[in-house]
Structure formats: C-alpha cells, structure tokens
Amino acid sequence: HGQIAVRKDMDFSIFEKMRRSGFTVANIGVESFSNNVLNVMNKGYTADDALRFLRYQKEAGIEVQINTIVGFPGETEDDFKETMDYLRKASPYIDYVASVSTCGVGPGSELATNPGRFGIDIKDHFYWYTKDGKNDIYVRMERYERLLNFLKEEKIRTIAVSELDSMKRLLKE
C-alpha cells in the first residue's frame, strides 16, 4: 500500500510488476480532473493522463483510491464540472475516493508563500478568498457539497470524512 503521483512515464507493465511484487493499494493525489486546475497546480499531467494512470492500475489488479480538492484558486464552475465529468469516466477504475476536501492554505505551501501568484488574500487556512471574488469559503462549501452528492448519485464509493458539517458550524460562529 502506498501513495503515488500520476506520472506520464509509467506504462502498464510497471503496474503489473508492482502488483506482482505485492503492491495492492494505491492512493493517488489526483486533486482535480480539470486541465486548467492541473496546470495552475503545476501537476505536469492532463486529465487524460490521470485517467490512463488509474486505468492501468485497476487493470493490473491494484486497488485505486484517489484524493480530490475542491476550490483551488483559479477553479471555475466549468473546471468543477470538468472534474465531475472525468470522475464519471474514471469511476470504473476508482475503488474509493479516499479524500474530498476544500482547498486550504497550509503553512509553507505554495499558496501561503506566493498568494499573489494565485490572486488570493489569506485571512487563515480556512478563510482565504480570491481577489476577483470568484472563490471564497461559500463557493468551496457549495462545490464540496455538490461533489459529495455527485459521488453518491454516481455510486462512486468514498471513505472520506465529510467536513461539511464542521465548515457550516464554523461559518455560523
């Protein structure tokens, strides 16, 4: 079991070897299936690359778990919909969505050290917003809730712990 990053240079034969060696569960930080967001995140791969990467693992007999992030700076409604469309395409290759989270600004992260690059103002880890007003905690919460509902409707299993109730409680305070 282990965490693995999407890499364009890994072909099916590598996953077969990994499985034969005893590797049974992969947790992959896909984060988004929007090409725009993946580019802003500097991931170095496309949504199609990620889809192929998941398929190879599943076909090699490796359990596939992915992590997702909602509301990265620059994510538009179209980007969010693109992620859901690709999740639908990827669903045969996903055993679990292991983590669904809203984008936070962690200490030392690229977002925290270069907020201007991403066009954000930071109040704290939770209460950051884009200067253009298109992404704030309310937008992220709404998308988060829609993504959880989408996963349920599409019968894509999740082992993620919902942070929605915690976010709503914090916003009321």
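Residues numbered from 1 in each chain as written. Predicted model: local features only at pLDDT ≥ 70, side-chain atom pairs only at ≥ 80, totals over all residues. Heavy atoms only, no water.

Visitor: Outline the pairing of strand 3 (residues 63-70), listing residues and values.
Guide: For a regular strand, side chains alternate in direction, first toward one face of the sheet and then toward the other. Counting buried residues along strand 3, six of its eight residues qualify, which places the element largely inside the surrounding structure. Relative to strand 3, strand 2 (residues 25-31) is paired through five bridges, and the arrangement is parallel. Opposite Val25, over in strand 3, you have Glu63 as the bridge partner. Bridging between strand 3 and strand 4 (residues 96-102) involves six bridges; their strand directions are parallel. Residue pairing across strands places Val70 opposite Thr102, the latter belonging to strand 4. The parallel pair strand 3 and strand 4, bridged by helix 4 (residues 77-90), forms a crossover whose chirality is right-handed. (Buried < 20%, exposed > 50% of the residue type's maximum accessible area, 1.4 Å probe, protein only. Helix = DSSP H or I, 4+ residues; strand = E, 2+ residues; numbered from the N terminus. Pairing = 2+ DSSP bridges. Right-handed = clockwise from strand over helix to strand, strands pointing away.)

Visitor: Residue-level account of the packing of helix 4 against helix 7 (residues 137-153), with values.
Guide: Helix-helix packing is characterised by the crossing angle of the two axes and by the distance between the axes. Direction vectors running N to C along helix 4 and helix 7 enclose 20 degrees, while the axes themselves pass 11 Å from each other. The angle between helix 4 and helix 7 falls in the class roughly parallel. In the crossing of helix 4 with helix 7, the sense of the turn from one axis to the other is right-handed. Residues Glu77, Phe80, Met84, Leu87 and Arg88 of helix 4 form the contact with helix 7, whose participating residues are Arg143, Arg146, Leu147, Phe150 and Leu151. (Axes fitted to C-alpha atoms, helices over the stretch in contact; angles between N-to-C directions. Parallel < 35°, antiparallel > 145°, perpendicular 65-115°, else oblique. Left-handed = near helix turned anticlockwise from the far one by under 90°. Contact = heavy atoms within 4.5 Å.)

Nothing here speaks to function; it is geometry throughout.
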